[in-house]
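Examination of the molecular architecture
The primary structure of each chain is shown beneath.
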Amino acid sequence: MQKSTQEYEEALEAVIEILRQQARMGARPIPYGDLSRELARRGHHVPPHEGSMPYLLEDASVQESPDGSLPLLSALVVLKDTGWPSTGFFKLARRAPYGRQGDDVVLWTREIEKLAEHYAAS
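Residues numbered from 1 in each chain as written. Predicted model: local features only at pLDDT ≥ 70, side-chain atom pairs only at ≥ 80, totals over all residues. Heavy atoms only, no water.

Broken down by element type, the protein chain carries five helices and two strands. Starting at the N terminus and walking to the C terminus, you meet the elements of the protein chain as α-β-α-α-β-α-α. For 122 residues, the compact-globule estimate of 2.2 N^0.38 gives 14 Å, and the protein chain sits close to it at 13 Å. Oriented by its inertia axes, the alpha-carbon framework of the protein chain measures out at about 35 × 30 × 25 Å. Sorting the 122 residues of the protein chain into buried and exposed places 43% on the buried side. Put simply, of all contacts in the protein chain between residues at least 6 apart along the chain, 58% involve residues at least 24 apart. Surface accessibility of the protein chain: about 6600 Å² in total, with carbon and sulfur atoms responsible for 50%. A gap of 3 Å separates the mean positions of the 14 positive and 18 negative side-chain charges of the protein chain. (Helix = DSSP H or I, 4+ residues; strand = E, 2+ residues; numbered from the N terminus. Rg over C-alpha atoms; globule rule 2.2 N^0.38 Å. Buried < 20%, exposed > 50% of the residue type's maximum accessible area, 1.4 Å probe, protein only. Contact = heavy atoms within 4.5 Å. Areas by Shrake-Rupley, 256 points an atom, 1.4 Å probe, with all protein chains shown as cover. Lys, Arg positive; Asp, Glu negative; His and termini not counted. Charge placed at Lys NZ, Arg CZ, Asp CG, Glu CD.)

What follows is about the packing of helix α4 (residues 87-94) against helix α5 (residues 104-120). Contact pair α4 / α5: the axes reach a minimum separation of 11 Å and the direction vectors enclose 80°. With respect to α5, the axis of α4 lies roughly perpendicular. Contacts from F89, F90, A93 and R94 of α4 reach α5 at D104, L107, W108 and E111. Per-class residue counts for the contact of α4 with α5 are five nonpolar, no polar and three charged. (Axes fitted to C-alpha atoms, helices over the stretch in contact; angles between N-to-C directions. Parallel < 35°, antiparallel > 145°, perpendicular 65-115°, else oblique. Nonpolar A, V, L, I, M, F, W, Y, C, P; charged D, E, K, R; others polar.)

This next bit is on the pattern of salt bridges. Pairs can form between side chains of opposite charge whenever their charged atoms are close. For the structure on display, the rule yields nine salt bridges. The partner of R41 in a salt bridge is E38, with the nearest N and O atoms 2.7 Å apart. Of this pair, R41 and E38 both sit in helix α2 (residues 32-41), three residues apart, which is roughly one turn of that helix. Overall, the relative accessible area of 62% leaves R41 in the exposed class. Taking the shortest distance from any N to any O, the salt bridge between R42 and E38 comes out at 2.8 Å. Residue classification places E38 among the buried positions, given a relative accessible area of 19%. A single salt-bridge network, built from bridges that share partners, covers E17, E38, R41 and R42. (Salt bridge = Lys/Arg side-chain N within 4 Å of Asp/Glu carboxyl O.)

Below, the structure written as structure tokens:
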């Protein structure tokens, strides 16, 4: 699946919808494998740890918050073994325009809290 294709855009919309739903349910994290299975259930075959998944997660956050003012949806996707996001999330969160501060624990905890707050109100 390549970026800028209809297949990619449809998978991206599905990722955003799934993550928004997770955020509305109290910002409960979802493991990569569960996200991959939910995408497959919706007709999008995206392996959990390779291929398009990292791009879809980054693009979901960028599309939802292009100026960095809203919490990053990709904070919800975690590694099954650790319960933490991958390093890609932290790199995205620290770069412009997001510029999130703090060590990994503080940064991720704040992002999850902001997601729960923002989506509870929407």
